[in-house]
Amino acid sequence: MQTVFSSAARKATNALMCAILLVFPLFTGTSGYSDITRWKFIFIAVAVSVWFAAAAVLCIRYKTLPHMSVPTALCAAFALWAVVSAFASPWFPQTLLGASRYTGLVTVLIYALIFIAAALFGVQRRVYIYMIAASCAVCCLVASAQLLGCGVLYPNGYDYYDGGVRYVGTFLGTIGNTNLLAAFLAIAVPVCWLSASFGMRASAALAASGALGTFVLCASGSAGGLLAVAVSA
């Protein structure tokens with residue numbers, strides 16, 4: 001019974017990880033940058049909610065509970081403290097969603113559930129590396145087109161070079177905000193380069209994805225992203 005439960009839970013968690021690594025970075029919603037934060041929040045909230053519901057159904061069906069390790073127990077304790085903090089805050093109920101940036105309690109709980117899912121049922125799979133490389137490559141191809149003046153994803157006829165002039169901030173790729181894009185590439189680029197150097201299958205494609213990410217970091221002038229990649233190297 002425990003074996004069947006674990007197998008089903010791993011499959012559900014694998015589906016969640018695939019959604020996070022491959023689909024989430026590329027998902028922009030229906031209105032481009034004008035509402036990308038809300039759509040990304042909706043996507044990750046739905047994905048994690050589906051996983052949580054599936055895990056709950058499996059626990060009920062097989063009448064078992066997963067074994068909590070020290071890290072997962074600490075994460076659960078942190079999530080509980082976040083709940084208390086959010087409800088006790090003088091800014092409640094704005095603390096639930098975190099206003100327009102969606103950095104409130106719900107997002108914290110989503111992060112905690114992803115951590116617990118990976119810790120309890122996650123399995124190392126090489127396919128995850130290829131998913132990161134694929135999402136990085138597609139994102140950077142979009143960003144490269146935008147750096148050449150393409151206005152895809154920008155509202156009102158804007159383009160990348162209107163950032164800080166006709167609108168606040170700068171946006172690039174399928175991530176949006178250039179600082180968040182740099183954070184994504186700071187993880188994806190070292191993963192691609194390292195995997196290629198280890199001689200994994202399709203190492204040329206992995207290296208190409210890493211090169212695209214490096215180009216976008218350089219072309220967008222992301223000092224923080226380049227520093228992170230250098231430190232990783």
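Structure: see above.
The text that follows walks through the structure, step by step, so that each part is easy to find.

Thresholds applied
Residues numbered from 1 in each chain as written. Predicted model: local features only at pLDDT ≥ 70, side-chain atom pairs only at ≥ 80, totals over all residues. Heavy atoms only, no water. Salt bridge = Lys/Arg side-chain N within 4 Å of Asp/Glu carboxyl O. Buried < 20%, exposed > 50% of the residue type's maximum accessible area, 1.4 Å probe, protein only. Helix = DSSP H or I, 4+ residues; strand = E, 2+ residues; numbered from the N terminus. Expected span 1.5 Å × (residues − 1). Axes fitted to C-alpha atoms, helices over the stretch in contact; angles between N-to-C directions. Parallel < 35°, antiparallel > 145°, perpendicular 65-115°, else oblique. Contact = heavy atoms within 4.5 Å. Nonpolar A, V, L, I, M, F, W, Y, C, P; charged D, E, K, R; others polar.

1. Structural notes on the pattern of salt bridges
Tallied over the full model, the rule gives 2 salt bridges. The closest approach of N and O atoms between Asp-35 and Arg-38, which form a salt bridge, is 2.7 Å. Owing to a relative accessible area of 23%, Asp-35 belongs among the partly exposed residues under this scheme. Its relative accessible area of 32% is what places Arg-38 among the partly exposed residues.

2. Some remarks on helix H6 (residues 126-147)
Over its 22 residues, H6 extends 32 Å from the first C-alpha to the last, a length consistent with the 32 Å expected when each residue adds 1.5 Å. Phi for Gly-149, located one or two positions after H6, is positive at around 105°.

3. Brief notes about the packing of helix H3 (residues 70-88) against helix H5 (residues 105-121)
Packed helix pairs are characterised by how far apart their axes lie and by the angle those axes make with each other. Across the interface, H3 lies against H5 with an axial gap of 10 Å and an inter-helix angle of 170°. Accordingly, the angle class assigned to the pair H3 and H5 is roughly antiparallel. Taking contact as the criterion, the partners of Pro-71, Thr-72, Cys-75, Ala-76, Phe-78, Ala-79, Ala-82, Val-83, Ala-86 and Phe-87 in H3 are, on H5, Leu-105, Val-108, Leu-109, Ala-112, Phe-115, Ile-116, Ala-119 and Leu-120. A breakdown of the residues in the contact of H3 with H5 according to their chemical character gives 17 nonpolar, 1 polar and no charged.

4. Re the environment of Pro-155
In this fold, Pro-155 is placed in the loop between H6 and strand S1 (171-172). By relative accessible area, which is 25% here, Pro-155 ends up partly exposed. Note: C-alpha distance between Pro-155 and Phe-215 (60 residues apart in sequence) is 25 Å. Non-local contacts of Pro-155, meaning those with residues more than four positions away in its chain, are made with Tyr-33 and Ser-34.

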